[in-house]
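Structural description and commentary
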Amino acid sequence: MSETSEPKRIVVTGGAGFIGSNFVHWVVDNRPEVHVVVLDKLTYAGNLENLAGIPEDRMTFIHGDICDEGLLDEVVPGVDAIVHFAAESHNDNSIADPEPFVRTNVHGTFRLLEACRRHGVRFHHVSTDEVYGDLALDDPARFTEETPYCPSSPYSSTKAASDMLVRAWFRTYGVKATISNCSNNYGPRQHVEKFIPRQITNVLIGSRPKLYGDGLNVRDWIHTEDHSSAVWAILTKGRLGETYLIGADGEKNNIDVLHAILESMDKGADDFDWVRDRPGHDRRYAIDSSKLRSELGWSPKHTDFAEGLKATIDWYRDNPQWWQGAKEAVEAKYAKQGQ
Ligand code: NAD
Ligand code: DAU
């Protein structure tokens with residue numbers, strides 16, 4: 001099946017979060033004919049400032065929960081597609097308190113799929129490479145669309161469960177769905193709980209960065225703008241019922257990323273603390289995005305990680321009002337966990 005097409009009115013769930021808001025800006029900047037309806041609960045991770053500057057005639061904001069069936073019956077009829085970013089997204093939080101992850105990531109996705117079924121609406125599900133578990137450091141393999149699911153954390157297991165729901169709703173009910181599984185994103189407006197913003201803002205407030213375990217865990221970094229262009233390509237050109245992996249060949253271990261941050265911010269290579277490892281910490285993620293590139297002609301624009309990282313550091317330096325409010329609470333939580 002390949003009956004996907006350019007939508008005119010889309011709902012973006014989680015559009016006030018890091019990647020969702022980047023996607024909203026991308027659509028507004030690149031697709032003048034599209035109206036975006038953002039549906040977001042504004043949890044601790046949602047921030048209306050992320051949508052600042054978007055003209056009123058291009059976007060409607062609805063403050064609400066994806067688990068609210070009645071609200072979905074008001075929002076979903078008449079739209080061409082839902083692009084589903086809303087989630088509880090942080091592994092460490094899922095280890096401390098998994099319940100909101102099951103609620104939003106599993107039940108919320110179920111509610112959205114049911115609304116798409118009732119109202120005949122196209123659905124794109126934004127998921128993660130973590131559903132595949134991890135790879136050994138010396139394994140030449142990368143994840144492909146055929147890799148068996150093997151999630152490790154409460155977060156990744158709820159994302160895996162939501163992917164399974166999407167596959168079943170496509171096959172059983174014919175909901176017009178696609179799935180993407182992307183690797184680690186970086187860029188402006190990422191919450192200070194995540195690795196790169198946490199270390200940058202620690203340096204900016206005069207604290208020492210914190211590295212888990214032995215620092216050798218590998219993540220496959222992609223700029224969030226490249227994630228957005230890939231999601232648009234899959235939404236508009238992807239084959240229904242298919243999964244596409246999104247990645248930009250950005251494998252790096254955590255200590256190398258931290259050293260790049262320290263060097264860019266004029267700190268010494270040892271100016272950080274080793275802290276307690278994350279329980280169940282996945283060793284390595286690596287994406288083979290050949291299917292997305294060959295079938296849909298997508299390629300990333302931000303291929304220079306060092307340059308993207310410098311621009312990200314500049315963004316946090318220039319926008320302290322955006323992150324200062326959340327920083328203290330995040331660090332207090334980490335301190336309690338010995339991290
Ligand atoms: P985020 O935590 O920055 O943002 C999540 C957004 O969802 C917030 O605006 C929050 O208010 C909203 N939300 C949470 N629960 C909700 C609910 N019940 N109803 C409505 N809105 C709700 O997350 P992110 O890092 O931008 O990730 C977005 C999506 O991309 C997630 O589905 C995540 O699994 C996926 N993903 C993230 C990455 C990454 O590196 N961050 C990589 C691959 C996939
Ligand atoms: O792979 C995609 C996933 O990437 C997304 O699905 C998740 O939503 C997103 O949060 C991210 O998950 P990670 O757990 O990989 O990201 P995080 O930024 O939490 O951590 C990145 C790496 O850095 C990981 O190996 C843990 C390590 N780390 C993290 C923090 C916060 C540290 O060493 N120190 C830290 O302070």
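Reading the values: the criteria
Residues numbered from 1 in each chain as written. Chains lettered and ligands numbered in written order. Predicted model: local features only at pLDDT ≥ 70, side-chain atom pairs only at ≥ 80, totals over all residues. Heavy atoms only, no water. Near = heavy atom within 4 Å. Polar contact = N/O pair within 3.5 Å; in protein donor to acceptor, adjacent residues only side chain to side chain. Areas by Shrake-Rupley, 256 points an atom, 1.4 Å probe, with all protein chains shown as cover. Helix = DSSP H or I, 4+ residues; strand = E, 2+ residues; numbered from the N terminus. Nonpolar A, V, L, I, M, F, W, Y, C, P; charged D, E, K, R; others polar. Core = buried A, V, L, I, M, F, W, Y, C linked by side-chain atoms within 4.5 Å. Buried < 20%, exposed > 50% of the residue type's maximum accessible area, 1.4 Å probe, protein only. Contact = heavy atoms within 4.5 Å. Axes fitted to C-alpha atoms, helices over the stretch in contact; angles between N-to-C directions. Parallel < 35°, antiparallel > 145°, perpendicular 65-115°, else oblique. Pairing = 2+ DSSP bridges. Salt bridge = Lys/Arg side-chain N within 4 Å of Asp/Glu carboxyl O.

1. Overview of the site of ligand 1
Close to ligand 1 lie 28 residues; Ile19, Asp40, Ser89, Tyr155 and Lys159 are nearest. Phe18 places a main-chain nitrogen or oxygen 3.1 Å from an oxygen atom of ligand 1. In the model, an oxygen atom of ligand 1 is placed 2.6 Å from a nitrogen or oxygen of the Tyr155 side chain. Compared with its free state, where it exposes 850 Å², ligand 1 has 97% of that area covered by protein. Breaking the shell around ligand 1 down by element, the ones donating at least two residues are helix H1 (18–30), strand S5 (122–128) and helix H5 (154–173). A class-by-class count of the residues in the shell around ligand 1 yields 12 nonpolar, 12 polar and four charged.

2. Digging into the nonpolar core
Counting residues in hydrophobic clusters, the biggest one holds 31 residues, and the most contacted among them are Ile10, Phe23, Val24, Val36 and Ile246. If we skip the residues at most four places from it in the chain, Phe23 touches Ile10, Val12, Val83, Phe85, Ser228, Val231 and Trp232.

3. A closer look at the site of ligand 2
Near ligand 2 there are 25 residues, and of these Thr128, Asp129, Tyr155, Arg278 and His281 occur at the shortest range. Within the side chain of Tyr155, an N or O atom sits 2.6 Å from an oxygen atom of ligand 2. Taking 700 Å² as the accessible area of ligand 2 by itself, protein coverage stands at 95%. Elements with a minimum of two residues in the shell around ligand 2: helix H6 (195–205) and strand S8 (210–212). Here the shell around ligand 2 is composed, by residue class, of seven nonpolar, 10 polar and eight charged.

4. Remarks on the packing of helix H10 (residues 305–318) against helix H11 (residues 320–336)
Axis angle and axis distance: for two packed helices, these are the angle between their axes and the distance between the axes, and together they describe the pair. Two elements in contact, H10 and H11, have axes whose closest approach is 6 Å; the angle formed by their N-to-C orientations is 80 degrees. On the basis of their axis angle, the class for H10 and H11 is roughly perpendicular. Contacts between H10 and H11 involve Trp315, Tyr316, Arg317 and Asp318 on the former and, on the latter, Pro320, Gln321, Trp322 and Trp323. Grouping the amino acids of the contact of H10 with H11 by side-chain chemistry returns five nonpolar, one polar and two charged.

5. Topic: the pairing of strand S1 (residues 9–13)
Two faces, one strand: in a regular strand the side chains alternate between the faces of the sheet. Extensive coverage of S1 is indicated by the burial of four of its five residues. Across five bridges, S1 lies against strand S2 (residues 35–40) in parallel orientation. In the strand pairing of S2, Val12 is matched with Val38. Pairing between S1 and strand S4 (residues 81–84): four bridges, direction parallel. Among the inter-strand pairings, Ile10 is bridged to a residue of S4, identified as Ala81.

6. Examining the pattern of salt bridges
Side chains bearing opposite charge may pair, as long as their charged atoms lie close to each other. Considering all chains together, one arrives at 21 salt bridges under this definition. Across the pair Glu6 and Arg31 runs a salt bridge, and its minimum N-O distance is 3.6 Å. Of this pair, Glu6 sits in the segment before S1 while Arg31 sits in the loop between H1 and S2, placing them 25 residues apart in sequence. Glu69 is the salt-bridge partner of Arg111, the closest N and O atoms lying 3.6 Å from each other. Of this pair, Arg111 sits in helix H4 (residues 99–119) while Glu69 is found in helix H2 (residues 69–75), placing the two residues 42 residues apart along the sequence. Judged by relative accessible area, which is 18%, Arg111 ranks as buried. Exposure remark for Glu69: the relative accessible area of 34% places this residue in the partly exposed category. The network of salt bridges with shared partners includes Glu69, Asp73, Arg111 and Arg118.

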